[in-house]
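Architecture at a glance
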Amino acid sequence: PAAMTPEPTIERRHSDADARPPRVRRSIARIFFGTTEQRVEAVAIAVLILAGVGWWTWTGVKHSVEDARRSYVRAVLDAKVAALEVWVSAKRAEAERWAAVPDVSGAVRTLVAAARAGATREALVSLPAQAQFARLLAPAVATDPERVAANAVDRHGRIIAARAATQVGLTI
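A brief report on the enclosed structure follows. Here the structure is a predicted model, which means the values were calculated and not measured.

What follows covers the overall build of the protein chain. The helix and strand tally for the protein chain stands at 5 helices and 2 strands. In the protein chain, the order of α-helices and β-strands from amino to carboxyl end is α-α-α-α-α-β-β. Counting contacts in the protein chain only where the partners sit at least 6 residues apart, residues at least 24 apart contribute 45% of the total. Within the structure as shown, the protein chain displays about 14100 Å² of accessible surface, and the carbon and sulfur contribution to it stands at 62%.

On the surface, Ile45, Ile49 and Val53 cluster together to form a nonpolar patch covering roughly 280 Å² of accessible area. Along the chain, Ile49 falls in helix H2 (residues 36–99).

Side chains of residues three or four places apart in an α-helix project in the same direction, reflecting 3.6 residues per turn. When the terminal C-alpha atoms of helix H3 (residues 102–116) are compared, their 21 Å separation across 15 residues agrees well with the 21 Å that a helix rising 1.5 Å per residue should span. For H3, the full list of buried residues reads Val104, Ser105, Ala107, Leu111, Ala114 and Ala115. On the buried face of H3, the contacting elements are H2, helix H4 (121–126), helix H5 (128–143) and strand E2 (159–162). Just past H3, the residue Gly118 takes up positive phi, approximately 95°.

Residue placement: Trp98 occurs in helix H2. C-alpha separation for the pair Trp98 and Leu137, spaced 39 residues apart in sequence, amounts to 8.3 Å. Setting aside chain neighbours within four positions, we find Trp98 in contact with Val104, Leu136, Leu137 and Ala140.

Membership of the largest hydrophobic core comes to 19 residues, with the highest contact counts inside it found for Leu111, Leu124, Phe133, Ala152, Ile160 and Ala161. Listed by contribution, the elements that provide at least two residues to this core are H3, H5 and E2. If near-sequence neighbours (up to four positions away) are discounted, Leu111 is found in contact with Leu124, Leu127, Ala129, Gln130, Ile160 and Ala161.

Moving on to the pattern of salt bridges. Two side chains that carry opposite charge are able to pair once their charged atoms sit near each other. Taken as a whole, this structure holds 3 salt bridges when the rule is applied. Residues Arg74 and Asp78 are paired through a salt bridge, measuring 3.9 Å at the closest nitrogen-oxygen approach. Here Asp78 and Arg74 lie together in helix H2, a separation of 4 residues that amounts to about one turn. The salt bridge involving Lys91 is made with Glu94; its shortest N-O contact spans 3.9 Å. Here Lys91 and its partner Glu94 are both found in helix H2, 3 residues apart, which amounts to about one turn of the helix.

Once that is clear, we can look at the side chain of Gln130. Looking at the element boundaries, Gln130 is found in helix H5. Here Leu124 takes part through its backbone oxygen, which lies 3.4 Å from a polar atom of the side chain of Gln130. Residues in contact with Gln130, not counting those within four places in the same chain, are Leu111, Leu124, Val125, Ile160, Ala161, Ala162 and Val168.

A separate point is the pairing of E2. Bridging between strand E1 (residues 151–153) and E2 involves 3 bridges; their strand directions are antiparallel. Note on E2: the bridge partner recorded for Ala152 is Ala161. Where E1 folds back on E2, the antiparallel hairpin that results is connected by 5 residues, among which Gly157 adopts a positive phi of roughly 85°.

So, how was this worked out
Residues numbered from 1 in each chain as written. Predicted model: local features only at pLDDT ≥ 70, side-chain atom pairs only at ≥ 80, totals over all residues. Heavy atoms only, no water. Helix = DSSP H or I, 4+ residues; strand = E, 2+ residues; numbered from the N terminus. Contact = heavy atoms within 4.5 Å. Areas by Shrake-Rupley, 256 points an atom, 1.4 Å probe, with all protein chains shown as cover. Patch = residues over 30% accessible without salt bridge, like charges linked within 9 Å, V, L, I, M, F, W, Y side chains within 5 Å. Salt bridge = Lys/Arg side-chain N within 4 Å of Asp/Glu carboxyl O. Expected span 1.5 Å × (residues − 1). Buried < 20%, exposed > 50% of the residue type's maximum accessible area, 1.4 Å probe, protein only. Core = buried A, V, L, I, M, F, W, Y, C linked by side-chain atoms within 4.5 Å. Polar contact = N/O pair within 3.5 Å; in protein donor to acceptor, adjacent residues only side chain to side chain. Pairing = 2+ DSSP bridges.

Next up, the structure:
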């Protein structure tokens, strides 16, 4: 048998003319920011910009919430003031109605005259006009759960007539 001889191989060499320079892989960071120091500076600047934008956004939201809260509190206050004015007006009108009742106004006039004459608390409490005042206003106080007192006050702020005798003589 015939011996097998290997086929000759042909080595091809690239000539210097065909040779390409080796491909250098550059990162995007290096393309845009250059050296490591420049990249660190760029990151620091980005962090400062983000911090500034965050602070600006936070203060804007904070002021917006504060303005909304201020408006809400003002609206609640205005509503409460209006409700209080209506309540005071209703109580004033009720007091004027009771003052127009001849028996009530007569009892108060008697007590005012006694107070001007220098009557003591005990003297005011013992007058029949005091009992008449308490008796006349008792139904109004009893039917209104928010009303706790019915008093007549002189010009100096001294209670001269009251449903409860313990209040007579006190100053408001």
